[in-house]
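# Commentary on secondary and tertiary structure
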Amino acid sequence: MSGDSVVYEGLDETGTARGGQAPRAVPAAIEVSHLTKVFGGRTAVSDVSFRVAGGEVFGFLGPNGAGKTTTVRILATLISPTAGSATVAGIPMGPDGAAEIRRRIAVMPESPGLYQRLTVTENLEYFARLYGLPRRQERITEALAAVGLADRAHDLAGSLSKGLRQRAALARSLLNEPAVMFLDEPTSGLDPVATHEVHGLIAALRDRGVTVFLTTHRLEEAERLCDRVAIMSTSLRSIGRPEDLRRELFAASLEVTVAAALPEPGRVFGGLPAVQGWKAAGPAGGGPAGYALTVSDVARAAPAVTRALVAAGADVLSIAQSRHTLEDVYLQLVGDTEGSPR
Amino acid sequence: MSASTARIGAVIRKELAEFRRNRLIIGTAAVLPVLFLIAPTASILTVKASALSAGLDKGIDRSLFLPLLVPVLVPSIMSAYSVVGEREQGTLEPVLTTPVSRAELLIGKAAAIFIPAAALGYLMFGVFVAITQLAAAPAVAAAVRHAPQLPASLIFIPLLAAWAIWVGLAVSARATDTRVAQQLSTLGSLPAAAVAALMSFQVISPSFGLAAALAGGLLAVDCAACLAVARLFDRERLITGARPSRGIPAPAAPQDIQSPGEVTAHRKGELKCRRL
């Protein structure tokens, strides 16, 4: 079986339609089927199945202990599954394919994993030799240039800041020009500037056509970078594009702020087209008041609400569509299923 | 899978570079040989040429066997750091995601310790013999030159070093803390150190037959230890400290690989995100 021969047709969900682009056929980079991993009596990963398309940035979200790192380690052939199967970079996982998979992937664990007593170049050279790469020096130079570390090539890895170490680790991951790159919490413990830099590097990987499998529990990061996300808590809770998950879980709503509380909000909002319900959402007291309206169609409801407020003599400060974040989705899914049978 | 000499070479090169920049290892490798050279050299230089044959033999035994402790103690410290040190640094996992095989990693790590340990052992004996030839009484110098203990010691150096390396690597593969690993590794190398010490102090009389038997026994133990350590170098053991749950199952057919959400999407040809 070859993963390259598996083609999705007409599917947004396969990860090519970021920003509403037209669907196109994309070979699968990762296919996982009913993957399960049990350590002793503890189930770390339970019956997980998903696909990741080539060139996709796929977010793998979940709380601590959700099985994210275990899944990455299984797909990177570091540990074997208790049950289930997977294809990575077109190679079925198994004793025969493990070495070939390792040639085609790169893994950047949460810790950069650099030899502190070696220079950046020596670190990269070691890995270039382990991969058996030709033109080692050229590739090292290119990788360091790609992450903006060319001027620190001969510094000891231990002398670099945490952000620079992450960059060096990313350069190491680029050496073998991987088809699939696993990034495990790449911005964990980084300051905002270093985080921003790593985000830029991940975006650059996407531009190079590398499939990125990103595990994180920084939801804003996933929302910003990922074509699709999977939410995991031992088993898979949901999978899809962030905006679709939001739409799936939360009804659309409008947030209305007026200068003073409405004397009879039920009369103002009741019976308006596309408005399904309302509740007070702002601070109590004599100042501005807020209302949250559940609507079936924002485009129809917003003008009607505006007109009704003006007719009621209210001073409208703002009317805005409320936007649920991926964090809301995450909390809904992970919180919802916490303690439920899996 | 056949072992790649290039990858083994890469591991050796990296290990040696790390050792060179590790002050603990450099300090141990520099101080121990000097300490273990001073006493035997002083002992042999004070043996009088007129000493009885038994007294001369005793002096030569002590002088030639005591330094055998160095190729035991130095590699035990180096090998104890070898795996757990990488695990603590977080460098083990990236290495294991490369195509390096367990044999290549194991051979590379063992060789990187064996080469300096054996070289140090032979250098010590070289220095010792050179000093005795230059400074000892002519009869003592001749006795050292022709002592059967000399070739025996040269054979014991690699065998004892190998024992210490395998014990150190085994401890290191299972330990979670470098200091604990170094203590356990030193304890584990005590049997080898005891062999050297017992011969040195003539508790065991190192006749040719006994020396050959000990060497043969050590060689067999080294081979068995190598195989045992190779089992510990399984990726899953090294990463999680646990045995693999079982072999990787055969890959499923493409049509079997489907998540509920994706099955829906395939069937309808449209986007469908839903709770699983």
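None of these values were measured; they are calculated from a predicted model.

With that settled, the discussion passes to the overall build of chain A. When helices and strands are tallied, chain A shows eleven helices and 14 strands. Counting across all 342 residues of chain A, residues that qualify as buried make up 51%.

Helix and strand counts for chain B stand at 13 helices and zero strands. Starting at the N terminus, the α and β elements of chain B follow one another as α-α-α-α-α-α-α-α-α-α-α-α-α. Across the 276 residues in chain B, those meeting the buried criterion constitute 45%. Of the contacts formed within chain B by residues at least 6 apart in sequence, a portion of 83% connects residues at least 24 apart.

What follows concerns the domain arrangement of chain A. Domains assigned within chain A are domain 1 (3-247) and domain 2 (251-323). Between the C-alpha centres of domain 1 of chain A and domain 2 of chain A there is a distance of 44 Å.

The next subject is the sheet that holds strand β4 (residues 83-88) of chain A. Residues and elements named next belong to chain A. Spatial ordering of the open sheet is given by β2-β1-β4-β5, a layout of four strands whose pairing is antiparallel. The open sheet is flanked by β2 (42-53) and β5 (91-92), the only strands paired with a single partner. Taken together, the two bridges between β4 and β5 define a ladder with antiparallel strand orientation. Looking at the pairing, T87 lines up with P92 of β5.

So, on to the nonpolar core. Ranked by internal contacts, the top residues of the largest apolar core, which has 153 residues, are I105 and F182 of chain A together with L160 of chain B. Of the residues forming this core, the biggest block, 16 residues, is contributed by helix α8 (residues 149-174) of chain B. Those residues in contact with F182 of chain A that sit more than four places away from it in its chain are V72, L75, A76, I105, V107, M108 and F213 of chain A. V256, V268, W278 and A289 of chain A belong to the second largest nonpolar core, which has 15 residues in total.

Moving on, we get to the environment of A212 of chain B. All names here are of chain B. Among the structural elements, A212 can be located in helix α11 (residues 208-232). By C-beta crowding, A212 is classed as exposed, having 12 other C-beta atoms within 10 Å. Between the C-alpha atom of A212 and that of A152, which follows or precedes it by 60 residues, the distance is 8.1 Å.

Taken together, the buried positions of helix α9 (residues 178-188) of chain B are occupied by A181, Q182, L184, S185 and G188 of chain B. Against the buried residues of α9 of chain B lie α4 (70-89) and α8 of chain B.

Moving on to unusual backbone geometry. All names here are of chain A. Positive phi, normally seen in glycine, also occurs at R135, with a value near 45°. Structurally, R135 is set in the loop between α3 (120-130) and α4 (136-146). The backbone of E177 shows a phi angle near 45°, a positive value even though the residue is not glycine. Note on placement: E177 falls in the loop between α5 (162-174) and β7 (180-184). For E177, a count of 15 C-beta atoms within 10 Å puts it in the partly exposed group.

Further remarks concern the packing of α3 of chain A against α4 of chain A. All names here are of chain A. Two elements in contact, α3 and α4, have axes separated by 10 Å at closest approach and are oriented at 125°. One element, α3, and the other, α4, form an angle in the oblique class. Both α3 and α4 take part in a crossing whose hand is right-handed. Mapping the contact onto sequence places T121, L124, E125 and A128 in α3 and R136, R139, I140 and A143 in α4. Its residues placed into classes, the contact of α3 with α4 shows four nonpolar, one polar and three charged.

Residue and element names in this part refer to chain B. Within the fold, V229 resides in helix α11. Linking V229 and Q133, residues 96 residues apart in sequence, is a C-alpha distance of 42 Å. Excluding residues that lie within four positions of it along the chain, V229 makes contacts with L106, W166, L169, A170 and A173.

Residues and elements named next belong to chain A. When you tally the buried positions in strand β8 (residues 211-216), you get six out of six residues, the bulk of the element. A two-sided burial pattern is seen for β8, the buried positions comprising T211, F213 and T215 on one face and V212, L214 and T216 on the other. Here strand β3 (residues 57-61) runs beside β8; their pairing, made up of five bridges, is parallel. Within β8, the residue paired with L61 across the bridge is T216. Note that β7 and β8 share five bridges and pair parallel. Looking at the pairing, V180 lines up with T211 of β8. For the segment spanning β7, helix α6 (residues 192-207) and β8, crossover handedness is right-handed.

So, on to the pairing of strand β11 (residues 253-258) of chain A. Residue and element names in this part refer to chain A. Where β11 lies against strand β13 (residues 289-295), six bridges are found, and the strand directions are antiparallel. Along β13, the bridge assignment pairs E255 with A292. Note that β11 and strand β14 (residues 316-321) share five bridges and pair antiparallel. Bridging from a neighbouring strand, E255 pairs with A320 of β14.

All names here are of chain A. The strand order across the open sheet built from four strands is β12-β13-β11-β14, with neighbouring strands paired in antiparallel fashion. A single partner strand is all that each edge strand has here, and the edge strands are β12 (275-280) and β14. Each strand axis lies, on average, 20° off the axis of its neighbour in the sheet, ignoring direction. The sheet contacts of helix α10 (residues 298-311) involve β11, β12, β13 and β14, and relative to β14 the element is tilted by about 170°.

What follows deals with the confidence of the model for chain A. Detailed reading of the predicted coordinates is not advisable wherever pLDDT falls low. Residue and element names in this part refer to chain A. Overall, the predicted model of chain A reaches an average pLDDT of 83, with 86% of residues at or above 70. When the elements of chain A are averaged for pLDDT, helix α11 (residues 326-337) gives the smallest value, 67, and α3 the largest, 97. A low-confidence stretch, residues 1-24 stays under pLDDT 50, and its non-local contacts, those more than four residues away or across chains, total 55 contacts.

With that settled, consider the packing of helix α2 (residues 23-45) of chain B against helix α6 (residues 102-135) of chain B. Residue and element names in this part refer to chain B. Relative to each other, α2 and α6 sit at 30°, their axes nearing to 10 Å. What the angle tells us is that α2 and α6 run roughly parallel. For α2 against α6, the interelement crossing comes out right-handed. For the pair α2 and α6, the contacting residues are A29, P33, L37, P40, T41, I44 and L45 in the first and P116, L120, M124, V127, F128, I131, T132 and A135 in the second. In terms of residue class, the contact of α2 with α6 is made up of 13 nonpolar, two polar and no charged.

What counts, and at which threshold
Residues numbered from 1 in each chain as written. Chains lettered and ligands numbered in written order. Predicted model: local features only at pLDDT ≥ 70, side-chain atom pairs only at ≥ 80, totals over all residues. Helix = DSSP H or I, 4+ residues; strand = E, 2+ residues; numbered from the N terminus. Buried ≥ 20, exposed ≤ 12 C-beta atoms within 10 Å, placed from the backbone. Contact = placed C-beta atoms within 7 Å. Domains from an automatic or database assignment. Pairing = 2+ DSSP bridges. Core = buried A, V, L, I, M, F, W, Y, C linked by C-beta atoms within 7 Å. Axes fitted to C-alpha atoms, helices over the stretch in contact; angles between N-to-C directions. Parallel < 35°, antiparallel > 145°, perpendicular 65-115°, else oblique. Left-handed = near helix turned anticlockwise from the far one by under 90°. Nonpolar A, V, L, I, M, F, W, Y, C, P; charged D, E, K, R; others polar. Right-handed = clockwise from strand over helix to strand, strands pointing away. pLDDT = per-residue confidence, 0-100.

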